[in-house]
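Descriptive analysis of the structure
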Amino acid sequence: MPMTESFKVWFMEWYASIAQKFYGCFIEDERWRFLWDGLLVTLEVAFFAVIIGVVLGFLVAIVRASYDTSDFSGKATGWRRLGRGVFRVANWFCKLYLTVIRGTPVVVQLLIIYFVIFASFDVDKVLAAVIAFGVNSGAYVAEIVRSGIMSIDKGQMEAGRSLGFNYIQTMWYIIVPQAFKNILPALGNEFIVLLKETSVSGYIALGDLTKGGDIIRGRTFEALMPLFAVALIYLAVVMVLSAGVNKLERRLRSSDH
Amino acid sequence: MTTEALIRVEGLKKHFGSLKALDGIDLELRKGEVTVIIGPSGSGKSTLLRSLNLLERPTEGAIYFEGVNILDPKTNINLHRQRMGMVFQHFNLFPHMTILRNMTLAPMKLLHETPAAATEEAMRLLDRVGLQDRANAYPSQLSGGQKQRIAIVRALCMHPDVMLFDEPTSALDPEMVGEVLDVMQNLAREGMTMIVVTHEMGFAKEVANRVIFMDEGLIVEEGTPKEFFAHPQNARTRDFLSKVL
Ligand SMILES: Nc1ncnc2c1ncn2[C@@H]1O[C@H](COP(=O)(O)OP(=O)(O)OP(=O)(O)O)[C@@H](O)[C@H]1O
Ligand SMILES: [Mg+2]
């Protein structure tokens, strides 16, 4: 059986070379640490950026949705007039923020924040990345939340106000909980997008997961293995996140009546 | 002074752009009175009702509640609204909360009632409308008639001085109209001050102390149900009544 014999030899050689490459990429000099440390940085940046994004997104969304649904008819005097003025300015700034952030690439925003805005401070790269991705994500979250708020029947706001709740209380107790349930899938999706977007952090020489794989590639001159490893890790994290979002969604839906 | 009006409306106007939804309304409402407002679609009935608790901000005029002009910027609108319950055509229950929570949220947060006290009060009111067994249900599990009865007692939990009803039975299947009107009639009997926009002429005849007919943003005619239905003075009133009776 010469055929099987030669296949066996080929297979042994192939296996040996794979094992050697694997050893070179991940085991030798503890290179797996680049991936592990990189993953931790990626998760850290994504986690804190999400928090900034959600807080910022909700604030901007509430200003925008309130502005779009307010009644500016009737004359205003004194404090009410001043309130309207402040409100107009706030709405204008929110609109500007949304336009600029959604109209420019996130890499450019990251570079500007690190090399321009924080140029004269010795700021931690992780912090710069958290701020850049948080501010970026906030713009997308804001539009998701705004559409969620606008999708709630306006009778809900009127019912809340007619009981005597003020605007903020009605938003907090009545509108936002309902909107949140509706937008959860879109928010979950936004977090997954954000996690993947942090892969450009290497532009400010931040050692995230992607950068970790790239460092291994540079040291070993082996591209396939470290890059596939990076891709697999992202995929695994994204799948865990999606499963989590799905579970939360199901739980919320089962309490939906 | 028992004749002092609880609510007095003077020269009230509400314009939406060039549309004059209210074109100068003068009105006085006394405590314990049940006023029914009727009129064709678009005549401004809802706008008038919603102006009374400032869900619409009037363009011009004054609304005095116990002598205080609520259009004065210094008046606390939220406190005013606590004293004016409102029931909507489409119930507007909070779908993410149980019936009990729908009823206790505002008294707990705004009147600072204890959970126990708010719950006790809510259960007492639920009992009155025969829905005590639905306390832990969600709005979507109720029929339209049940939802509207809940909406009424939810408003009552705030101990309002006045109740506003905007076509409370118009979204209901015919067989459920009666159960809601019964609750409203009982409320009237207990002396609640009520302003009701409705197409239920039977309710107007039986329960109202006063009937107001509106058309094109104006009060065209008003009177006691007896004189109003028996001898309508205005041609437009007669025309409208001939269509609905
Ligand atoms: N928010 C608004 N913007 C513009 N126009 C409005 C608004 N609300 C009401 N209107 C208009 O004002 C007029 C009076 O409306 P209103 O709802 O008070 O009538 P109504 O008597 O309650 O009618 P219906 O019996 O159909 O409920 C109508 O022509 C209506 O289209
Ligand atoms: Mg109406």
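Everything discussed here concerns the structure shown above.
The following paragraphs examine the structure supplied in this document. These numbers were taken from a predicted model, which means no experiment stands behind them.

Criteria and cut-off values
One numbering rule holds for all chains: residues counted from 1, following each sequence as written. The naming scheme follows written order: chains are lettered A onward, ligands numbered 1 onward. The predicted origin of the model limits local features to residues at a pLDDT of at least 70 and limits the giving and counting of side-chain atom pairs to 80 or more, whereas totals for whole chains, interfaces and linings rest on all residues. Working from all heavy atoms in the structure, the side-chain values ignore hydrogens and water. Each helix is a run of DSSP H or I of at least 4 residues and each strand a run of E of at least 2, with the numbering of both proceeding from the N terminus. Only C-alpha atoms enter the radius of gyration; for comparison, a globular chain is expected to reach 2.2 Å times N to the power 0.38, where N is the number of residues. Accessibility here uses a 1.4 Å probe with only protein chains present; expressed as a share of the type maximum, an area under 20% marks a residue as buried, one over 50% as exposed, and anything in between as partly exposed. We call two residues in contact when some of their heavy atoms are within 4.5 Å. Methods summary: accessible areas were calculated by the Shrake-Rupley approach with a probe of 1.4 Å, and residue burial reflects only the protein chains presented. A positive count includes Lys and Arg, and a negative count includes Asp and Glu. His and the chain ends are not counted in either. Throughout, a charge is located at the NZ atom of Lys, the CZ atom of Arg, the CG atom of Asp or the CD atom of Glu. Lining residues are those with an atom within 4 Å of a point, where the points come from a 1 Å grid over the protein atoms alone and group into cavities, where a 1.4 Å probe fits but cannot get out, or pockets, open sets with protein on both sides within 12 Å along at least five of seven lines. Grid points are joined across faces, edges and corners, and a volume is the space filled by probe spheres set on the points. Classes in brief: Ala, Val, Leu, Ile, Met, Phe, Trp, Tyr, Cys and Pro nonpolar; Asp, Glu, Lys and Arg charged; the others, Gly included, polar. A single heavy atom is enough: if one lies within 4 Å of a molecule or strand, its residue is considered near that molecule or strand. Polar contacts, as counted here, are pairs of nitrogen or oxygen atoms within 3.5 Å of one another; within protein the pair requires one atom able to donate a hydrogen and one able to accept it, and residues that are adjacent in sequence qualify only if both atoms are side-chain atoms. Accessible area that two parts lose when put together, with a 1.4 Å probe and added across both, is what the buried area reports. A pair is scored as a salt bridge if a Lys or Arg side-chain nitrogen falls within 4 Å of a carboxyl oxygen belonging to Asp or Glu.

With that out of the way, let us pick up the overall build of chain A. Within chain A, the secondary structure is distributed over 9 helices and 0 strands. Listing the helices and strands of chain A from first to last along the sequence gives α-α-α-α-α-α-α-α-α. The globule rule puts the C-alpha radius of gyration for 257 residues at 18 Å, and the 25 Å found for chain A is more than 25% above it. Taking the principal axes of its C-alpha atoms as reference, chain A extends roughly 95 × 50 × 25 Å. Residue burial in chain A is summarised as follows: out of 257 residues, 40% are buried. Look at the contacts in chain A between residues 6 or more apart in sequence, and 76% of them connect residues 24 or more apart. Of the roughly 14700 Å² of accessible surface on chain A, a fraction of 69% belongs to carbon and sulfur atoms. Where the 25 positive side-chain charges of chain A centre and where its 21 negative ones centre are 12 Å apart.

By volume, the largest pocket amounts to about 1600 Å³. What lines the largest pocket is a set of 40 residues, and nearest its centre among them are Thr69, Ser70, Met157, Arg161 and Tyr167 of chain A. Contributions of two or more residues to the lining of the largest pocket are made by α2 (32-69), α3 (78-103), α5 (125-150), α6 (154-163) and α7 (167-197) of chain A together with α2 (77-82) of chain B. When residues in the lining of the largest pocket are grouped by element, the largest group, 8 residues, is from α2 of chain A. Residues belonging to the lining of the largest pocket are distributed by class as follows: 22 nonpolar, 7 polar and 11 charged. Here the second largest pocket is characterised by a volume of approximately 430 Å³. Val50, Gly188, Phe191, Leu241 and Val245 of chain A are, among the 17 residues lining the second largest pocket, the residues nearest its centre. Of all the elements in the fold, those that place two or more residues in the lining of the second largest pocket are α2, α7 and α9 (224-254) of chain A.

Moving on to the site of ligand 1. All names here are of chain B. Taken together, the neighbourhood of ligand 1 is formed by Phe16, Leu19, Ala21, Pro40, Ser41, Gly42, Ser43, Gly44, Lys45, Ser46, Thr47 and Glu167. Gly44 has a polar backbone atom sitting 3.0 Å from an oxygen atom of ligand 1. Side-chain polar atom of Glu167 to an oxygen atom of ligand 1: 3.3 Å apart, as the coordinates give it. Contact with the protein chains covers 60% of the free accessible surface of ligand 1, which is 630 Å². Listed by contribution, the elements that provide at least two residues to the shell around ligand 1 are β2 (19-29) and α1 (45-52). Ranked by residues supplied to the shell around ligand 1, first place goes to α1 with 3 residues. Looking at side-chain class alone, the shell around ligand 1 contains 4 nonpolar, 6 polar and 2 charged residues.

It is worth spelling out the environment of Arg57 of chain B at this point. Residues and elements named next belong to chain B. Locating Arg57 in the fold gives a position in the loop between α1 and β4 (60-65). Arg57 gets classed as buried once you look at its relative accessible area, which sits at 18%. When the C-alpha positions of Arg57 and Leu71 are compared, they lie 8.2 Å apart, and in sequence the two are 14 residues distant.

With that settled, the discussion passes to the interface of chain B and chain A. The partner chain A presents 25 residues to the 30 residues of chain B that form the contact. Regarding the contact of chain B and chain A, the summed buried area is about 2400 Å², with carbon and sulfur atoms giving 56% of it. Linking chain B with chain A are 1 salt bridge. Ionic pairing is found between Arg50 of chain B and Glu158 of chain A, a salt bridge with its closest N-O pair at 2.7 Å. Taken together, the connections running from chain B to chain A amount to 6 residue pairs in polar contact (both at pLDDT 80 or more).

Honestly, that's just the spatial picture; any functional story needs more than this.
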